[in-house]
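# Report on the structure
Spelled out, the chains give:
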Amino acid sequence: MHLKKPQEVLLLGPGPSPVHPRVLEAMGQHTLGHLDPDFFQIMDQTNNLLRLVFETKNRITFPVSATGSAGMEAALVNILEPGDKAVIGVNGVFGQRMVDVASRCGAEVIEVDAEWGRPIDPELLEKTLSAQSKVKLVGVVHAETSTGVQQPLEPVVDVVRKFDALLLVDAVTSLGGLPVAVDRRDLDIVYSGNQKCLGAPPGLAPITFGERALEKFQERKSKVQSWYLDLSFLTRYWGEERFYHHTAPINMIYALFEALSMIKEEGLEDRFARHSLHSKALIAGLKALGVNTVVSEQHRLPSLNAVWIPEGIDDAQLRSSLRRDHLIEIGGGLGPFKGKVWRIGLMGNGSRRENVERLLKALSEILNNLGHKCSGEEALSEAGKIYQ
Ligand SMILES: *Cc1c(COP(=O)(O)O)cnc(C)c1O
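Residues numbered from 1 in each chain as written. Predicted model: local features only at pLDDT ≥ 70, side-chain atom pairs only at ≥ 80, totals over all residues. Heavy atoms only, no water.

### Structural notes on helix α10 (residues 250–266)
Think of an α-helix as 3.6 residues a turn; residues three or four steps apart then line up on the same face. Put simply, the rule reads: In this description a helix means any DSSP run of H or I spanning at least four residues, a strand means any run of E spanning at least two, and both kinds are numbered starting from the N terminus. Multiplying 1.5 Å by the residue count of a helix minus one yields the expected span of that helix. Exposure classes here rest on a 1.4 Å probe applied to the protein chains alone. A residue is buried below 20% of its type maximum, exposed above 50%, and partly exposed in between. In this analysis, two residues are considered to be in contact whenever any of their non-hydrogen atoms come within 4.5 Å of each other.
End to end, α10 covers 25 Å across 17 residues, agreeing with the expected 24 Å (1.5 Å per residue, within 8%). Buried within α10 we find Ile250, Asn251, Met252, Ile253, Tyr254, Ala255, Leu256, Glu258, Ala259, Leu260, Ser261 and Ile263. Buried residues belonging to α10 abut α1 (21–27), α2 (37–54), β2 (60–64), β10 (205–209), α9 (231–238) and α11 (268–288).

Following this line, the structure appears as structure tokens:
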């Protein structure tokens, strides 16, 4: 029996995002050996492309062989030893996940909380850091995919630099869609995932470590508790030595290489502008349908648009009709947003005018069927004004 060909569902949820055929084709190429000289060349080129997208010169920049969460785990297990202190910003699911992973490292975790839909307050962060001694790491989520909030990074960096702590940034839903700018912003460790704004299928977690982070890593007294994610092994394979550690997911790396090449060809600035434009058009169209955003304009993410489900509309009913009758996927809310919020991703290859328009048309049709009266034509016209 052969795999039944999957339907072409338009992925406008919180990830994975639509993968361009060029990336899928690269992924289907002949599998080389993981110690093959031609593959080594592809590894080096992939890391160079990652430096370009992260906007960094960091020598330790490579994709971890697992999904985005493994980037989070790789950052935390390599830095945190039992008894270390970590301060983590929590304003959604992914900050909460960071807390969980950091505490599994044996660290003492201090949370800085913000309401869902709001960014972390740098003043509160500063107060928290002042009240503690010897905090080793501060973690924040740049693009909180569970709420659609963009964390302003500069004020966080300004605070963290007053203390001798490393800054870890989750850029899973921002890298390739909005500026992460690792060197310009002076971020110490940043990780991402293939399947959001980078536009590759899930399976790799690009990560970068700056010199300050590597120094802290060198000062460790205990062994890294994870054999698989131990940075000293990973850098020996990804570096010049090519020391065998685990078999790299060869074809996934082909896909990432191709997706990154497409980003380079488009240009970072144009790509960021594209993400911003289509998000604005979507929001204008949704507003005309009576669907409003969760996050204030100032802190809105272009890659993930969180919107309130209109009064009286059943979340599951709408999303299943969207999937079944229109072949479109959007995301539901998590935690306190469950049943109340939709999460609409316009990431990577998904961030296009035809997708915005197709979604607005489909939504207006279903909303009207479910008793929420609205005009699809008006929504398209409002979105169209943004494109003028
Ligand atoms: C998706 C996501 C992750 C986790 O990535 P996986 O690939 O699902 O493991 C982590 N952080 C954020 C902000 C995400 O959006």
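### Brief notes about the sheet that holds strand β14 (residues 341–345)
Note the following rule: A pair of strands is labelled paired if DSSP reports no fewer than 2 bridges between them.
Pairing in this open sheet of 3 strands is antiparallel, and the strands run β11-β14-β13 from one edge to the other. With partners counted over all chains shown, the strands left at the sheet margins are β11 (304–308) and β13 (331–332), one partner each.

### A word on the side chain of Thr46
By the secondary structure assignment, Thr46 is in helix α2. Residue class for Thr46 comes out buried when judged on its relative accessible area of 0%. When residues no more than four places from it in sequence are discounted, the contact partners of Thr46 are Ile253, Leu256, Phe257 and Leu260.

### Some thoughts on the domain arrangement of the protein
Short version of the rule: Segmentation into domains, and thus their bounds, comes from an automatic or database assignment. By buried area we mean how much accessible surface two parts lose on assembly, using a 1.4 Å probe and totalling the loss over both. Salt bridge criterion: a side-chain nitrogen from Lys or Arg within 4 Å of a carboxyl oxygen from Asp or Glu.
In terms of domains, the protein is made up of domain 1 (20–264) and domain 2 (268–387). With centres defined by C-alpha atoms, the gap from domain 1 to domain 2 works out at 29 Å. Of the roughly 2,100 Å² buried between domain 1 and domain 2 on both sides combined, carbon and sulfur atoms contribute 67%. In terms of surface lost to domain 2, no three residues of domain 1 exceed Trp116, Gly148 and Gln150, which account for 22% of the buried area on that side. Linking domain 1 to domain 2 there are 0 salt bridges.

### Points about the packing of helix α12 (residues 315–326) against helix α13 (residues 353–369)
Inclusion rule: Axes here mean lines fitted to C-alpha atoms, for a helix over just the part in contact, with angles spanning 0 to 180 degrees between N-to-C directions. With respect to orientation, any angle under 35 degrees is reported as roughly parallel, any angle over 145 as roughly antiparallel, any angle of 65 to 115 as roughly perpendicular, and every other angle as oblique. Take the far helix as the reference: if the near one is turned anticlockwise from it by less than a right angle, the crossing is left-handed, and if turned clockwise, right-handed.
With their axes 10 Å apart at the nearest point, α12 and α13 run at an angle of 120 degrees to one another. On the basis of the axis angle, α12 is oblique to α13. Crossing angle aside, the handedness with which α12 passes α13 is right-handed. Every residue of α13 that contacts α12 at Leu318, Ser321, Leu322 and His326 is listed here: Arg358, Leu359, Ala362, Leu363, Glu365, Ile366 and Leu367.

### Re the environment of Ser192
Heads up, the rule is: Under the rule applied, a polar contact is a pair of N or O atoms within 3.5 Å (in protein, one hydrogen donor and one hydrogen acceptor; residues adjacent in sequence only if both atoms are side-chain atoms).
Within the fold, Ser192 resides in the loop between β9 (189–191) and β10. For Ser192, a relative accessible area of 0% corresponds to the buried category. Between the alpha carbons of Ser192 and Val64 there is a distance of 9.6 Å; along the sequence they are 128 residues apart. Setting aside anything within four residues of it in sequence, one finds Ser192 in contact with Gly68, Ala171, Val172, Leu175, Leu198, Leu204, Ala205 and Pro206. Of note is the side chain of Ser192, whose polar atom sits 3.5 Å from the backbone oxygen of Val172.

### Details of the environment of Ser17
Within the element layout of this structure, Ser17 appears in the loop between β1 (10–11) and α1. Along the primary structure Ser17 and Ser351 are separated by 334 residues, whereas in three dimensions their C-alpha atoms are 9.2 Å apart. Side-chain polar atoms of Ser17 contact the backbone oxygen of Lys196, separated by 2.8 Å.

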